[in-house]
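Residues per chain are reported as follows:
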Protein chains: 2
Amino acid sequence: MLLYDSAVSGNCYKVRLLLAQLSLSYERREVDVIDRSNRAELLAGLNPALRVPTLVLDDGRSLAESNAILWHFARGTLYLPRDPFEQTKVLQWLFFEQYSHEPYIAVLRFWLAVAKLTPSGEEVEAKHKGGEAALDALERELELRPYLVGDAYTIADIALYAYTHVAGEAGFDLSARPATRAWLERVKSQPRHVPITD
Amino acid sequence: MLLYDSAVSGNCYKVRLLLAQLSLSYERREVDVIDRSNRAELLAGLNPALRVPTLVLDDGRSLAESNAILWHFARGTLYLPRDPFEQTKVLQWLFFEQYSHEPYIAVLRFWLAVAKLTPSGEEVEAKHKGGEAALDALERELELRPYLVGDAYTIADIALYAYTHVAGEAGFDLSARPATRAWLERVKSQPRHVPITD
């Protein structure tokens, strides 16, 4: 398999983390996340959104959207519950991540820590506010249970871990969120965990 | 079942459309999408994001995120393919919708046609540009096939139809997108289709 990847992208890291935990091997091709001028050339026909991660299977078929790729490989493994209601709850968290978490925390981290842009105070404030709300929602949930769905580690935890564990790079403070911090440690201690820098 | 709903929301409409096509009955409770001051009171404990749609099952368990709710009810029906790869492709389009389509087209429609706000020219332009890119991606895909996944109508079509068919309310022009227009007609002609205004 071939993963169109970015070493700094949390969305790509989700896929790398699950594939490591499943002991699946693949080739990585680094795609520039700052100069995006070659995206159509690289990804047209593979991913309608022209984003990374994009995965090309050995038979040539392609998959896009980080959380859809997680689902694809987790199906039938320990990382996706068997119960249909719990499967829906996993999806609920995956959509929460892409709509209410990533657009704030990942985008602010990209601006400040990756692309080193200088957004206006107003732009930073809007992203910070949305990210705080997402982190508050996560903290409330993790006060109730050790993992996001059921009592075991799933791809819902992988998806939310990806940008939560680097939220400090975007100026978010997790020190007053003890349930989240304990959960980050639980995620990190899973078998075959790899860091984002791998 | 009880659906926390908004008559004007395309995200809620997705759920209403699928439940109509599955001939499932439910109660609707209208939630204000402009004055959001009662959201925590209504939805805390039911939906971490405090958004509509939120669905409460007869046994009291709740589901959130429109596209996760679609998946939940489509599982095992005609509206979700059985093939695992095609299921992943459905999810790919559901995530595309929530990340690359809805945040532009639905938000701009909300500003202009629902809340009647007066965003700056710059804000409108940013949303318009993102929405045009999403509509272009959709057109390219629909030039190749009659429905988004496989050769049949699925929840991927429901999810993308919801805000595409009202994109005109946000100032998007579909006249130069013939494949999209033909697809909108195909979706509309499905058995038990209901309009957003129902």
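Below is a short write-up of the structure. (Residues numbered from 1 in each chain as written. Chains lettered and ligands numbered in written order. Predicted model: local features only at pLDDT ≥ 70, side-chain atom pairs only at ≥ 80, totals over all residues. Heavy atoms only, no water.)

Considering a negative patch on the surface
On the surface, A:Glu122, A:Glu123, B:Glu122 and B:Glu123 cluster together into a patch of negative charge. Among the elements of the structure, helix H5 (121-142) of chain A together with helix H5 (121-142) of chain B are those that each provide at least two residues to the negative patch. Structurally, B:Glu123 can be placed in helix H5. The class for B:Glu123 is partly exposed, based on a relative accessible area of 41%. (Patch = residues over 30% accessible without salt bridge, like charges linked within 9 Å, V, L, I, M, F, W, Y side chains within 5 Å. Areas by Shrake-Rupley, 256 points an atom, 1.4 Å probe, with all protein chains shown as cover. Salt bridge = Lys/Arg side-chain N within 4 Å of Asp/Glu carboxyl O. Lys, Arg positive; Asp, Glu negative; His and termini not counted. Charge placed at Lys NZ, Arg CZ, Asp CG, Glu CD. Helix = DSSP H or I, 4+ residues; strand = E, 2+ residues; numbered from the N terminus. Buried < 20%, exposed > 50% of the residue type's maximum accessible area, 1.4 Å probe, protein only.)

A closer look at the sheet that holds strand E4 (residues 62-64) of chain B
Residue and element names in this part refer to chain B. With mixed pairing, four strands are arranged side by side in an open sheet as E2-E1-E3-E4. Sheet topology places strand E2 (27-30) and E4 at the edges, where each strand pairs with a single neighbour. Sheet twist, expressed as the mean angle between neighbouring strand axes with direction ignored, is 20 degrees. Examined bridge by bridge, strand E1 (residues 2-5) and strand E3 (residues 54-56) share three bridges and lie antiparallel to one another. Bridged to Tyr-4 within E3 is Thr-54. Across the sheet, helix H3 (residues 66-74) is in contact with E3 and E4; its angle to E4 comes to roughly 125 degrees. (Pairing = 2+ DSSP bridges. Axes fitted to C-alpha atoms, helices over the stretch in contact; angles between N-to-C directions. Contact = heavy atoms within 4.5 Å.)

Some points on the pairing of E2(B)
Here is the key point about a regular strand: its side chains alternate between the two faces of the sheet. All names here are of chain B. Strand direction decides the pairing type here: E1 and E2, joined by four bridges, are parallel. Within the sheet, the bridge partner assigned to Tyr-4 lies in E2 and is Arg-29. Handedness of the E1-helix H1 (residues 10-21)-E2 crossover: right-handed. (Right-handed = clockwise from strand over helix to strand, strands pointing away.)

Notes on the relation of the copies chain A and chain B
Of the transformation superimposing chain A on chain B, the axial component is 0.0 Å and the angular component is 180 degrees, with the fit at an RMSD of 0.0 Å. Within this description, the copies of the chain are treated as partners about a two-fold rotation axis. Rotation axis and chain A: the residue whose C-alpha lies nearest the axis is A:Tyr99, separated from it by 3.2 Å. Both copies share a contact surface, since 100% of the interface residues of chain A are interface residues in chain B too. (Least-squares fit on C-alpha atoms with pLDDT ≥ 70 in both.)

Describing the interface of chain A and chain B
One widely used convention gives an interface's size as the accessible area the parts lose upon coming together. Facing the 34 residues of chain A at the interface are 34 residues of chain B. The largest contributions to the chain A side of the interface with chain B come from A:Phe85, A:Phe95 and A:Tyr99, which together make up 25% of the buried area. Counting across the chain A and chain B interface gives zero salt bridges. Viewed at the interface, chain B and chain A are joined by 12 residue pairs in polar contact (both at pLDDT 80 or more). A per-element tally of the side of chain A that touches chain B places helix H4 (residues 84-114) of chain A first, with 17 residues. (Buried area = accessible area lost by both parts, 1.4 Å probe. Polar contact = N/O pair within 3.5 Å; in protein donor to acceptor, adjacent residues only side chain to side chain.)

A word on the packing of aromatic side chains
Taken as a whole and judged by the stated rule, the model has 12 aromatic pairs over all chains. Seen in terms of ring centroids, B:Tyr79 and B:Tyr153 are 5.9 Å apart; in terms of plane orientation they differ by 85 degrees. Their pairing is edge-to-face. One end of the pair, B:Tyr79, is in the loop between H3 and helix H4 (84-114); the other, B:Tyr153, is in the loop between H5 and helix H6 (155-164), with 74 residues separating them in the sequence. No difference in accessibility class separates B:Tyr79 from B:Tyr153, as the two residues are buried. Through a chain of ring-to-ring contacts, three or more aromatic side chains come together here, namely A:Tyr13, A:Tyr161 and A:Trp183. Above the face of the B:Phe85 ring, A:Arg61 is positioned so that its terminal group lies 3.9 Å from the ring centre. (Phe/Tyr/Trp six-rings, centres within 6.5 Å; stacked < 30°, edge-to-face > 60°. Lys NZ or Arg CZ within 6 Å of the ring centre and 35° of its normal.)

Points about helix H7 (residues 178-188) of chain B
Residue and element names in this part refer to chain B. For H7, every residue scored as buried is listed here: Ala-179, Thr-180, Trp-183, Leu-184 and Val-187. Buried residues of H7, seen end-on, are gathered within an arc of 140 degrees and therefore sit on one face of the element. Packed against the buried residues of H7 are H5 and H6. (Arc of directions from axis to C-beta.)

Let's talk about the sheet that holds strand E2 (residues 27-30) of chain A
Residue and element names in this part refer to chain A. With mixed pairing, four strands are arranged side by side in an open sheet as E2-E1-E3-E4. With one partner strand each, in any of the chains shown, E2 and strand E4 (62-64) form the two edges of the open sheet. Within the sheet, the average angular offset between the axes of one strand and its neighbour, ignoring direction, is 20 degrees. Sitting on the sheet, helix H3 (residues 66-74) touches strand E3 (54-56) and E4, and the angle it makes with E4 is about 125 degrees.

Examining the packing of helix H1 (residues 10-21) of chain A against H3(A)
Residues and elements named next belong to chain A. Between H1 and H3, whose axes approach to 9 Å, the crossing angle comes to 10 degrees. Taken together, H1 and H3 sit at an angle that is classed as roughly parallel. Facing H1, whose interface residues are Asn-11, Lys-14, Val-15, Leu-18 and Leu-19, H3 presents Ser-66, Asn-67, Ile-69, Leu-70, Phe-73 and Ala-74. Classifying every residue of the contact of H1 with H3 by side-chain character gives seven nonpolar, three polar and one charged. (Parallel < 35°, antiparallel > 145°, perpendicular 65-115°, else oblique. Nonpolar A, V, L, I, M, F, W, Y, C, P; charged D, E, K, R; others polar.)

Here's the deal with the nonpolar core
Counting 120 residues, the largest nonpolar core has A:Ile155, A:Trp183, B:Ile155 and B:Trp183 as its most contacted members. Contacts of B:Trp183, omitting those with residues within four sequence positions, involve B:Leu138, B:Leu142, B:Pro146, B:Tyr147, B:Leu148, B:Asp157, B:Leu160, B:Tyr161 and B:Thr164. (Core = buried A, V, L, I, M, F, W, Y, C linked by side-chain atoms within 4.5 Å.)

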